[in-house]
Amino acid sequence: MTLEITDPRIDRSARQLAELTGESLTRAVGNAITEKLHRVEAQRRR
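Residues numbered from 1 in each chain as written. Predicted model: local features only at pLDDT ≥ 70, side-chain atom pairs only at ≥ 80, totals over all residues. Heavy atoms only, no water.

The name given to the protein chain in an unreviewed UniProt entry is Antitoxin, with Arcanobacterium wilhelmae as the source organism.

What follows is the structure, given as structure tokens:
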């Protein structure tokens, strides 16, 4: 399965995050999505 990022701003942000964390692009995006998902789920439980 693939994820295509077509927004140049989002692509730059994802690459910057990967560089700053030392993670692969895939891992950095995956971790960011997982962290956001956890925050949203926690807010919905309140």
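Let us keep going from here.
Caption draft 1: View of the overall build of the protein chain. Helix and strand content of the protein chain: two helices and zero strands. Along the first, second and third principal axes, the C-alpha atoms of the protein chain reach 35 × 25 × 20 Å. By residue count, 9% of the 46 residues in the protein chain fall in the buried class. Of the roughly 4400 Å² of accessible surface on the protein chain, a fraction of 51% belongs to carbon and sulfur atoms. If the 9 positive side-chain charges of the protein chain are averaged to one point and the 7 negative ones to another, these points end up 8 Å apart. (Helix = DSSP H or I, 4+ residues; strand = E, 2+ residues; numbered from the N terminus. Buried < 20%, exposed > 50% of the residue type's maximum accessible area, 1.4 Å probe, protein only. Areas by Shrake-Rupley, 256 points an atom, 1.4 Å probe, with all protein chains shown as cover. Lys, Arg positive; Asp, Glu negative; His and termini not counted. Charge placed at Lys NZ, Arg CZ, Asp CG, Glu CD.)

Caption draft 2: Expanded view of the environment of Ile-5. Among the secondary structure elements, Ile-5 is positioned in the segment before helix H1 (8-21). Taking relative accessible area as the criterion, Ile-5 reaches 30% and is therefore assigned partly exposed. Residues Ile-5 and Leu-17, twelve residues apart in the sequence, show an inter-C-alpha distance of 14 Å. Ignoring any residue separated from it by four or fewer positions in sequence, one finds Ile-5 in contact with Ile-10, Asp-11 and Ala-14. (Contact = heavy atoms within 4.5 Å.)

Caption draft 3: Structural detail: the packing of H1 against helix H2 (residues 25-45). Orientation of H1 relative to H2, taken along the N-to-C sense of each, is 100°, at an axis distance of 8 Å. Taken together, the axes of H1 and H2 lie roughly perpendicular to each other. Listed contacts from H2 to Ala-14, Arg-15, Leu-17, Ala-18 and Thr-21 of H1 are Leu-25, Ala-28, Val-29 and Ala-32. Along the lines of polarity and charge, the residues of the contact of H1 with H2 split into seven nonpolar, one polar and one charged. (Axes fitted to C-alpha atoms, helices over the stretch in contact; angles between N-to-C directions. Parallel < 35°, antiparallel > 145°, perpendicular 65-115°, else oblique. Nonpolar A, V, L, I, M, F, W, Y, C, P; charged D, E, K, R; others polar.)

Caption draft 4: Highlighting the layout of surface pockets. Empty space within the largest pocket amounts to approximately 180 Å³. Residue contributions to the lining of the largest pocket peak at three residues, all from H2. Its residues assigned to classes, the lining of the largest pocket comprises five nonpolar, two polar and one charged. (1 Å grid on protein atoms, 1.4 Å probe; cavity = no way out; pocket = protein on both sides within 12 Å on 5 of 7 lines; lining within 4 Å. Points joined across faces, edges and corners; volume = space filled by probe spheres on them.)

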